[in-house]
Amino acid sequence: MVLTRDNPRLSTSKRGKRTLKIRQRRLSRKNIGSANRNKEAQKVARLHKKHADKRTAYQWLIASKIIRKADAISVENLNIKGMKARCKPKPDDVKQGRFLKNGQSAKRGLNRSISDASWGTLIEKIQYAAAKSGKSFFKVDPKNTSRTCSKCGVIDALSRFGEKFVCTSCGHEAHADKQAALNVKTRAIKNNQLIIKKIKKVRRDSAELKQLTLFETPTVELTSVKRKQHRAHSSKRDVPGNPPTQLSLWDIGDLA
Ligand SMILES: [Zn+2]
């Protein structure tokens, strides 16, 4: 799937970082307890809020795009907290009480990028949107997804060079992320024993029933009468095929 816009990188882009730095510097130079300091503090807070709002809007856009295109969604069950863990301190054996470089300063930048992309909340939104439109959502074990060849299944760390993937066993060539995504899909199909049906292409004006789902999982599809009733006592938002139950982000745990 081709998405129109890349991850906006609001607070880790050069511009975003610069703006935040300037605002924070202005704040730090005001006298503690003064009215001007409060004003500057509000400006910093507003910038953070702006970034958060933009991030949320972008994530809803992406989530709805994914849901519209897919019949079922599978994601890697990432341990984001573990990925952001600090590097272990390396004590210096020669000088007591001193520490050697452990790479934490480089890791910090990566951690900030992870936080800026906020995968966790994006996955929550996708899950919510999937539940709302009655589509299936799966989480799979992320182990070796980017090292496994989607063609022959051989696991080799050497197959991957940054963005490129060339299988050391069969020579299969692909974009590293795309072919990792294929592995996530295959894993979801295997773990949940999904049966893929062929989509029957039917013209829009045909009397034949259109095959809606790729997978044999029950989906909620309202009939036209039910939809009318539903529309009568629901809010202004009109989502076709929307199940009549009101969902909240916090209900997701029960659904999954
Ligand atoms: Zn291969």
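Residues numbered from 1 in each chain as written. Predicted model: local features only at pLDDT ≥ 70, side-chain atom pairs only at ≥ 80, totals over all residues.

Student: Please clarify how the overall build of the protein chain should be interpreted in this entry.
Tutor: Each helix and strand in the protein chain was counted, giving 8 helices and 7 strands. When the 256 residues of the protein chain are sorted by exposure, 13% land in the buried category. When contacts within the protein chain are restricted to residue pairs at least 6 apart in sequence, those whose partners lie at least 24 apart make up 54%. (Helix = DSSP H or I, 4+ residues; strand = E, 2+ residues; numbered from the N terminus. Buried ≥ 20, exposed ≤ 12 C-beta atoms within 10 Å, placed from the backbone. Contact = placed C-beta atoms within 7 Å.)

Student: Can you help me understand the environment of Val166 in this one?
Tutor: Within the secondary structure, Val166 sits in strand S6 (residues 164–166). Given 15 C-beta atoms within 10 Å, Val166 falls into the partly exposed group. The spacing of Val166 and Cys149 is 17 residues in sequence and 8.4 Å in space, taken between C-alpha atoms. For Val166, the residues in contact, after removing those within four places along its chain, are Ser159, Gly171 and Glu173.

Student: Got a minute to help me understand the packing of helix H2 (residues 35–69) against helix H5 (residues 119–132) in this structure?
Tutor: Two measures define how a pair of helices packs: the angle their axes make with one another and the distance between the axes. Two elements in contact, H2 and H5, have axes separated by 9 Å at closest approach and are oriented at 45°. Here H5 runs oblique to H2, going by the angle between their axes. H5 is crossed by H2, and the crossing has right-handed handedness. On H5, the residues touching Gln59, Trp60, Ile62, Ala63, Ser64, Ile66 and Ile67 of H2 are Thr121, Leu122, Lys125, Ile126, Ala129 and Ala130. (Axes fitted to C-alpha atoms, helices over the stretch in contact; angles between N-to-C directions. Parallel < 35°, antiparallel > 145°, perpendicular 65-115°, else oblique. Left-handed = near helix turned anticlockwise from the far one by under 90°.)

Student: Any chance you could explain the pairing of strand S4 (residues 136–140) here in plain terms?
Tutor: Residues in a regular strand point their side chains to alternate faces of the sheet. Among the 5 residues in S4, 4 count as buried, and that is most of the element. The sheet contact formed by strand S1 (residues 72–76) and S4 spans 5 bridges and is parallel. Each residue of the ladder has a partner; that of Glu76, found in S4, is Val140. (Pairing = 2+ DSSP bridges.)

Student: I tried to follow the confidence of the model for the protein chain on my own but got confused; where do I start?
Tutor: Low pLDDT marks stretches whose predicted atomic positions should not be read closely. Here the protein chain shows a mean pLDDT of 81. Residues at 70 or above account for 75%. Taken element by element, the protein chain is modelled with least confidence in helix H8 (residues 252–255), mean pLDDT 50, and with most confidence in helix H1 (residues 14–28), mean pLDDT 94. Contacts for the low-pLDDT stretch residues 216–226, under 50 throughout, to residues beyond four places or in other chains number 15 contacts. (pLDDT = per-residue confidence, 0-100.)

Student: How should the sheet that holds strand S5 (residues 160–161) be read in this particular structure?
Tutor: Spatially, 3 strands are ordered S5-S6-S7 in an open sheet, and the strand pairing comes out antiparallel. Whereas interior strands pair on both sides, the edge strands pair on one side only; in this sheet they are S5 and strand S7 (173–175). Relative to S7, S6 is paired through 3 bridges, and the arrangement is antiparallel. Residue pairing in the sheet places Phe165 in a bridge with Ala174 of S7. On top of the sheet, helix H6 (residues 176–191) reaches S5, S6 and S7; it is set at about 95° to S7, its chief contact.

Student: Can you walk me through the nonpolar core in this structure?
Tutor: Side chains of nonpolar character tend, in soluble globular proteins, to be buried together. In terms of nonpolar packing, the biggest core is built from 17 residues, with Ala63, Ile73, Ile126, Ala129, Ala130 and Phe138 touching the most fellow members. Among the secondary structure elements, those contributing two or more residues to this core are H2, S1, H5, S4 and H6. Examining the composition of this core, we find that 7 residues originate from one element, H5, more than from any other. Counting contributing residues, this core receives three or more from each of domain 1 (1–140) and domain 2 (141–199 + 212–218). If we skip the residues at most four places from it in the chain, Ala129 touches Ala63, Ser64 and Ile67. (Core = buried A, V, L, I, M, F, W, Y, C linked by C-beta atoms within 7 Å. Domains from an automatic or database assignment.)

Student: What is the right way to look at the packing of H1 against H2 in this model?
Tutor: The contact between H1 and H2 brings their axes to 8 Å, and the two run at 160°. Of the possible angle classes, the one that applies to H1 and H2 is roughly antiparallel. Two packed elements cross with a definite hand, and for H1 against H2 that hand is left-handed. Residues Gly16, Thr19, Leu20, Arg23, Gln24, Arg26 and Leu27 of H1 form the contact with H2, whose own contacting residues are Arg37, Glu40, Ala41, Lys43, Val44, Leu47 and His51. Classifying every residue of the contact of H1 with H2 by side-chain character gives 5 nonpolar, 4 polar and 5 charged. (Nonpolar A, V, L, I, M, F, W, Y, C, P; charged D, E, K, R; others polar.)

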